[in-house]
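Each chain is listed here by its residues.
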Amino acid sequence: MKMPASDSSSCCSSCISLKDRCPRPQGLINLLITKVCLFALLFGVVWSVTGSECLPGGNLFGIVILFICSVLGGKLVGMIQLPTLPPFPPLLGMLLAGLVLRNVPYITAAVYINTHWSAALRNIALSIILTRAGLGLDPSALRRLKAVCVRVAIGPCVVEASIVAVVSHFLLGLPWVWGFILGFVLAAVSPAVVVPSMLLLQREGYGVEKGIPTLLMAAGSFDDILAITGFSTCLGIAFSTGSTWMNILKGLLEVVGGVIAGLILGLFLYCFPSKDQEDLVLRRTLMLLGLSIFSVFLSHVIGFAGAGGLCTLVLAFLAALGWKTDKVPVAAMVGRSWDIFQPLLFGLIGAEITIATLSPSTVGLGLACISIGLVIRLLVTFLLVHFGGFNLKEKLFIAVAWLPKATVQAAIGSKALDMAREEQDETLIKYGSDVLTLAVLAILTTAPIGALGIGLAGPRLLTRQFKVDETEGGATSPSSDGIGQEKDTVTLESKL
């Protein structure tokens, strides 16, 4: 039976008028509904493919929950603004999120992460850290700062690693090679804490006249590379079989092999892809990260675990030398990948610690090892910058700024434990657990203390250089208006 044309047209008009009268969600409500729908669709697709893996108790579910909680923990800690104090590093919130997920009774059973997946994700994060370190090396800064930069980069790292090795051998009973593994883990300074703090001080003009922020940022990269090189060498010796001299020889071969492989791959990256290709930055980034991650994983497969990290550092540095100023967008894109893997790295490190199994003596003696190493590091840093043209206050600031530890400890702190688990040796697992425990304790204690120390000591100990404005005639003179405006917009650190 056909409907009359008049009835159908009236029906359509009523539907249109009803649609116009019905309120449609806008703004925040619309955004929330859209995101919930997208998340539900994504979960539905993943569940249809993986099944129980994305449900509570599954490996994929645990990784996603850990990532979300780590991001939220970092945001919450970063929002803490105490009066007259700089903000806390977000990485503390990420680490604590993993620690809570691992040690809350009912949540622990639901948030399960396979140890093999955990080790693989941490190795990827380590590859990204090493790639960023290689890209961030500045040969011109090293030539400009010369002896002071070399002394600050090498001296405190080597001395602290040696002191921690000796103290841990007698207090914790670690073998000498494991003592040096722990020493090099704890000796690296954290770029995640030092670099943002130095950029803040540099922006406000503190220490700029003598180049102190530039010195610390440049020396930080070399300090980390030295610590990772020493750690990789000692790690290769610890897991080698045979005589002591053969183990030492193998460790040296790993260093030489890693450097040679890095030189070859770095030259390859300089030539490929060529500049006439489309999406050059994206292709260079993918090639760089792909070769870095492959180097780290391949070194484990062939039994030369220490060579992968050195290879990654050298290839990134050599590629950056060839790309020159074109490395900046590549470094920015690598930084975006670090934004994803940073919460995973710190969350997974926190999730490795089970509070119930920690020995109070290990924690107490571990804190003693860390404290002794830090005190010696302070003194050595202060003495090494003695002939650098700095006054007493500037020397004190450089010593304080050289304390915080976080990124490198999170990246390599669990590497020895992962290799010990592969060997299935209970004694080695015990040593690896002690190294990881002390790495986490070092992050929890030195990262906030170092960040607060830099924020509080910088404006008090460093000389401030005000910006100058160019006049119409080309001469430069201090502008009182500019100074007043700058004082109004200073950060919490400079308000002190």
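Computed from a prediction, not measured in an experiment: that's the story for all the values here. (Residues numbered from 1 in each chain as written. Predicted model: local features only at pLDDT ≥ 70, side-chain atom pairs only at ≥ 80, totals over all residues. Heavy atoms only, no water.)

### Considering the overall build of the chain
For step 1, the next point in the chain: Each helix and strand in the chain was counted, giving 21 helices and 2 strands.
For step 2, the next point in the chain: For the chain, contacts bridging at least 24 residues in sequence account for 77% of all contacts bridging at least 6.
For step 3, the next point in the chain: Summed over its atoms, the accessible surface of the chain is roughly 24,500 Å², and 70% of this surface lies on carbon and sulfur atoms. (Helix = DSSP H or I, 4+ residues; strand = E, 2+ residues; numbered from the N terminus. Contact = heavy atoms within 4.5 Å. Areas by Shrake-Rupley, 256 points an atom, 1.4 Å probe, with all protein chains shown as cover.)

### Some words on the pattern of salt bridges
For step 1, the next point in the chain: One pass over the full model with this rule turns up 10 salt bridges.
For step 2, the next point in the chain: A salt bridge links R122 to D418; the shortest N-O distance between them is 2.6 Å. Taken as a pair, R122 in helix 6 (residues 115-136) and D418 in helix 18 (residues 415-423) lie far apart in primary sequence, 296 residues in all.
For step 3, the next point in the chain: A relative accessible area of 1% places R122 in the buried class.
For step 4, the next point in the chain: Among the ionic pairs, R377 bridges to D223, the shortest N-O distance being 3.5 Å. With R377 in helix 15 (residues 360-384) and D223 in helix 10 (residues 212-238), the pair connects residues that are 154 residues apart, well separated along the chain. Of the two residues examined, R377 and D223, each falls in the buried class.
For step 5, the next point in the chain: A single salt-bridge network, built from bridges that share partners, covers R122, E352, D418 and R421. (Salt bridge = Lys/Arg side-chain N within 4 Å of Asp/Glu carboxyl O. Buried < 20%, exposed > 50% of the residue type's maximum accessible area, 1.4 Å probe, protein only.)

### What about helix 11 (residues 244-271)?
For step 1, the next point in the chain: With 28 residues, helix 11 should cover 40 Å at 1.5 Å per step; its first-to-last C-alpha distance of 41 Å lies within 8% of that length.
For step 2, the next point in the chain: Along helix 11, the residues that are buried comprise N247, G251, E254, G258, G262, G266 and L269.
For step 3, the next point in the chain: Where the residues of helix 11 are buried, they touch helix 10, helix 12 (280-301) and helix 13 (305-323). (Expected span 1.5 Å × (residues − 1).)

### A few points about a nonpolar patch on the surface
For step 1, the next point in the chain: On the surface, F39, F43, W47 and L55 cluster together into a nonpolar patch covering about 410 Å² of accessible area.
For step 2, the next point in the chain: Among the secondary structure elements, F43 is positioned in helix 2 (residues 27-50).
For step 3, the next point in the chain: Looking at F43, the relative accessible area reads 37%, which means it is partly exposed. (Patch = residues over 30% accessible without salt bridge, like charges linked within 9 Å, V, L, I, M, F, W, Y side chains within 5 Å.)

### Re unusual backbone geometry
For step 1, the next point in the chain: Here the bond from F272 into P273 is cis, since omega is -5°, no more than 30 degrees from zero.
For step 2, the next point in the chain: Here the phi dihedral of D279 falls at roughly 50°; this positive angle occurs in a residue that is not glycine.
For step 3, the next point in the chain: When you line up the elements, D279 lands in the loop between helix 11 and helix 12.
For step 4, the next point in the chain: Looking at D279, the relative accessible area reads 53%, which means it is exposed.
For step 5, the next point in the chain: In the Ramachandran plot, Q424 falls in the positive-phi region, its phi being about 55° despite a non-glycine side chain.
For step 6, the next point in the chain: Residue placement: Q424 occurs in the loop between helix 18 and helix 19 (426-461).

### A few points about the packing of aromatic side chains
For step 1, the next point in the chain: Summed over all chains, the structure comprises 4 aromatic pairs.
For step 2, the next point in the chain: Taking the centre distance of 6.0 Å and the plane angle of 85° together, the rings of F170 and W176 count as edge-to-face.
For step 3, the next point in the chain: Relative accessible area serves as the criterion here: at 61%, F170 is assigned to the exposed category.
For step 4, the next point in the chain: The partly exposed category is assigned to W176, whose relative accessible area is 40%.
For step 5, the next point in the chain: Site record: aromatic cluster; members linked through ring pairs are W178, F239 and Y431.
For step 6, the next point in the chain: One Lys or Arg, K250, reaches over the ring of F304 and ends 5.3 Å from the middle of that ring. (Phe/Tyr/Trp six-rings, centres within 6.5 Å; stacked < 30°, edge-to-face > 60°. Lys NZ or Arg CZ within 6 Å of the ring centre and 35° of its normal.)

### Re the nonpolar core
For step 1, the next point in the chain: Of all hydrophobic cores here, the largest spans 94 residues; its most connected members are L91, W178, L182, F239, L288, L345 and F346.
For step 2, the next point in the chain: Among residues more than four places away in sequence, those in contact with L91 are A192, V193, Q342, F346, A406, I443 and A447. (Core = buried A, V, L, I, M, F, W, Y, C linked by side-chain atoms within 4.5 Å.)

### Things to note about a negative patch on the surface
For step 1, the next point in the chain: A cluster of acidic residues, E422, E423, D425 and E426, forms a negative patch at the surface.
For step 2, the next point in the chain: Residue placement: E423 occurs in helix 18.
For step 3, the next point in the chain: With relative accessibility at 48%, the residue E423 sits in the partly exposed group. (Lys, Arg positive; Asp, Glu negative; His and termini not counted. Charge placed at Lys NZ, Arg CZ, Asp CG, Glu CD.)

### Re helix 16 (residues 392-401)
For step 1, the next point in the chain: Turning to helix 16, its buried residues number three or more, namely E394, K395, F397, I398, A399 and A401.
For step 2, the next point in the chain: Structurally, helix 16 contributes buried residues whose contacts are with helix 9 (191-204), helix 10, helix 15 and helix 19.
For step 3, the next point in the chain: Between the side-chain oxygen at the start of helix 16 and the backbone nitrogen of K393 there is a gap of 3.2 Å, and the oxygen is on N391. (Polar contact = N/O pair within 3.5 Å; in protein donor to acceptor, adjacent residues only side chain to side chain.)

### Quick word on the packing of helix 9 against helix 10
For step 1, the next point in the chain: Relative to each other, helix 9 and helix 10 sit at 165°, their axes nearing to 9 Å. The pairing of helix 9 with helix 10 is recorded here as roughly antiparallel in orientation. Where helix 9 crosses over helix 10, the two elements pack in a sense that is left-handed. Of the residues in helix 10, those touching helix 9 at P191, V195, M198, L199 and Q202 are P213, T214, L216, M217 and D224.
For step 2, the next point in the chain: Residues of the contact of helix 9 with helix 10, tallied by class, amount to 7 nonpolar, 2 polar and 1 charged. (Axes fitted to C-alpha atoms, helices over the stretch in contact; angles between N-to-C directions. Parallel < 35°, antiparallel > 145°, perpendicular 65-115°, else oblique. Left-handed = near helix turned anticlockwise from the far one by under 90°. Nonpolar A, V, L, I, M, F, W, Y, C, P; charged D, E, K, R; others polar.)

### Side note on the packing of helix 11 against helix 12
For step 1, the next point in the chain: Here helix 11 crosses helix 12 at 165°, and the two axes come no closer than 11 Å. Viewed along their axes, helix 11 and helix 12 adopt a mutual orientation that is roughly antiparallel. Note on packing geometry: the crossing formed by helix 11 with helix 12 is right-handed. On the side of helix 11, the interface is formed by L265, F268 and L269, while helix 12 contributes M287, L288, L291 and S295.

### Some points on the confidence of the model for the chain
For step 1, the next point in the chain: Overall, the prediction assigns the chain a mean pLDDT of 84, with 88% of residues at 70 or greater.
For step 2, the next point in the chain: Scored below 50 in pLDDT, residues 469-496 makes 40 contacts in the model with residues more than four places away or belonging to other chains. (pLDDT = per-residue confidence, 0-100.)

### Here's the deal with the side chain of E254
For step 1, the next point in the chain: Within the fold, E254 resides in helix 11.
For step 2, the next point in the chain: Not counting chain neighbours up to four residues away, the residues in contact with E254 comprise S232, G236, G303, F304, A305, G306, A307 and L310.

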